[in-house]
Amino acid sequence: MNSATTHDPESTPGGSPALDAIIIGAGLAGLYQLHCLRDRLGLSVQVLETGGGVGGTWYWNRYPGARCDSESHAYGFSFSEELMRDWDWTERFPEQKEILRYIDHFADRFDLRRSIRFNARVSAAHYNDATNRWEVRTASGESFNAKFLITAVGCLSAANVPTIAGLDSFQGQWYHTGQWPHEGVNFAGKRVGLIGTGSTGIQAAPVIAETAQHLSVFQRSPTYSVPARNAPWTAEFKRYVKENAAEIRRATHATPSGHPFANSERLALQTPPHERQAIYEAAWRKGGVEFRTAFGDIMLNKEANDTAAEFVRNKILQIVKDPVTAHKLTDIDHPYAGKRPPVDTDYYETFNRDNVSLVDVRAAPIEEITATGIRTRDGHYPLDIIVFATGYDALTGPLLRMDIRGRSGRLLADDWKDGPRSYLGLQMEGFPNLFTITGPGSPSVLTNMPVAIEQHSDWIADCIAHMRAQGLERIEPQAQAMGDWMLKVTEAASATLLSTATTSWYLGANVPGKPRVFMPYSGGMARYRKICADVATNGYEGFRFSS
Ligand code: NAP
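Residues numbered from 1 in each chain as written. Predicted model: local features only at pLDDT ≥ 70, side-chain atom pairs only at ≥ 80, totals over all residues. Heavy atoms only, no water.

Caption draft 1: Region of interest: helix α10 (residues 323–330). Restricting attention to buried positions, one finds in α10 the residues T325, A326, L329 and T330. Buried residues of α10 fall within an arc of 125 degrees about the axis and therefore sit on the same side. On its buried face, α10 is in contact with β10 (214–219), α9 (302–319), α11 (347–350) and β13 (356–360). (Buried < 20%, exposed > 50% of the residue type's maximum accessible area, 1.4 Å probe, protein only. Helix = DSSP H or I, 4+ residues; strand = E, 2+ residues; numbered from the N terminus. Arc of directions from axis to C-beta. Contact = heavy atoms within 4.5 Å.)

Here's what the structure looks like:
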């Protein structure tokens, strides 16, 4: 597979290896970028990874019920049809263990591990104007430097554990889902409190309830979930995947979401009510995130969206037997899919179990954590284990937790104090030769992630190849291009209902003090792919090179 010979890094006078590129993170993004740069371009590359193994999100998120909301046959790398054909996904929505096996397989197949330093958390990355190199330090004090720095740190990797008084005094165990112990957690006979009902909490609750003595779900904001309808793939479907790898790749490149299914052109508001109901019923029976594509106007028009929201609310009311619980689960404050829509396996059914209760912490907020449980304004809930499914400091958090400084010591955290600013979500003015895979300002979390990751990694590799061919040493965006792009990001969000869900993490609303800025580009992956390709074709329009 390798088309170029890899250079072994030489040492610089300071003793650290003189690398062409440093990649931060060994999840899907870091691994594929490594393959592109090392094996296609022949660069000397070092990957630095906090964890003890590859996998990123799928290395850390080992919580009960963790599985992917993208369909497995489209959740992976598509650059190699051979790789696509060689791997057999067992079920429609693969569980964490299976995805991690896939990523391990990818790392082995392309011999990637030899270029990765594990247990190496990057604490600082400073650009040196005089040498045009990035000087990177790890928390354990190691130093590296390279001409190019590529962050592949994930969008949802900085865990958000809310500040709740008394957590230190809790005498039971507590865990954040994104930092789950490798040995697992035994819930048998335990009183468990689960805080958070986003995609993660909704996946975890039914599985925890199977063994816990009692599960209390602390819900602040209810949301709309659609059944995943997960099932093993049939032999016939597996054959279809092998015979149609190119077609699946083409489909994921053609849609706004990077999923292999497009939005319907039908409009909810132009469909007679009984027909619309039948279409929603069929989409509900099929399950998965595809539900939101049932009509083309669901994300564009509030009235159309209301038809989807009402349909899902009615389903919840039908499933949940206790009317008070059903009411709390359906008292939803945002449009359907305005916040990232979860899919579930028996989430609502779980509330029909005798050992599960819903605690409404919007009505009676959590006041403190005590030695023995959680106290809300209404009462005290004795607990042995608390699970925080409270999400992430998304998109900017993983970058800003490092001390990143560009030209003349300019601090990224200062540049982003009013929200992230980038050109195409790929680069920032003032930070030469720094590329951010799925950075804020790119479609990232609004897509099937591997599709966005491949597109960015390929674009970055092509850009670096171009620079080498032209003898160019430095690239950074023009301030004007960056400003224009940020306007496009805001305009794209305003054209949909996404910007109306004011408590969404897309807007940074889940982290106290975080600027409220809609961070990902919501104009669609296919359109974005074309914009990036056109920028490159037009001589990297909007970027400035120097030699
Ligand atoms: P999330 O969507 O941000 O949900 C966090 C939950 O915790 C929300 O219900 C939030 O309530 C609640 N919460 C936060 N702080 C709280 C507090 N102090 N008190 C009470 N409740 C609090 O996080 P997530 O569920 O981990 O999901 C994050 C993203 O990860 C998803 O949107 C998705 O993109 C990705 N994900 C993907 C998959 C998959 O593909 N398989 C699975 C899981 C997650 P509010 O809404 O009121 O803030």
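Now that the structure is up, let's keep going.
Caption draft 2: Representation of the packing of α9 against α10. With their axes 9 Å apart at the nearest point, α9 and α10 run at an angle of 160 degrees to one another. Here α10 runs roughly antiparallel to α9, going by the angle between their axes. Helix-helix and strand crossings are classified by hand; for α9 and α10 the assignment is right-handed. Of the residues in α10, those in contact with R313, I316 and L317 of α9 are A326, L329 and T330. Its residues placed into classes, the contact of α9 with α10 shows four nonpolar, one polar and one charged. (Axes fitted to C-alpha atoms, helices over the stretch in contact; angles between N-to-C directions. Parallel < 35°, antiparallel > 145°, perpendicular 65-115°, else oblique. Left-handed = near helix turned anticlockwise from the far one by under 90°. Nonpolar A, V, L, I, M, F, W, Y, C, P; charged D, E, K, R; others polar.)

Caption draft 3: Fine view of the layout of surface pockets. Taken as a whole, the second largest pocket spans an internal volume of roughly 590 Å³. Forming the boundary of the second largest pocket are 33 residues, of which Y63, P64, G65, A66 and V207 lie nearest the centre. Of all elements in the fold, only α4 (96–109), α5 (199–211) and β12 (343–344) reach the threshold of two or more residues within the lining of the second largest pocket. For the lining of the second largest pocket, the class distribution of residues is 15 nonpolar, nine polar and nine charged. (1 Å grid on protein atoms, 1.4 Å probe; cavity = no way out; pocket = protein on both sides within 12 Å on 5 of 7 lines; lining within 4 Å. Points joined across faces, edges and corners; volume = space filled by probe spheres on them.)

Caption draft 4: Here's a closer look at the sheet that holds strand β9 (residues 191–195). Taken in spatial order, the five strands make up an open sheet running β8-β17-β9-β10-β13, and their pairing is parallel. The open sheet terminates on both sides in strands that have one partner only, identified here as β8 (173–176) and β13. In this sheet, neighbouring strand axes are inclined to one another by 20 degrees on average, regardless of whether the strands run parallel or antiparallel. As paired strands, β9 and strand β17 (residues 385–388) are joined by four bridges and run parallel to one another. In the sheet register, I195 faces β17, and the bridge partner there is F388. With respect to the sheet, α5 is in contact with β9, β10, β13 and β17, its orientation differing from that of β10 by roughly 165 degrees. Helix-sheet contacts for α10 involve β10 and β13, and the interaxial angle to β13 is about 50 degrees. (Pairing = 2+ DSSP bridges.)

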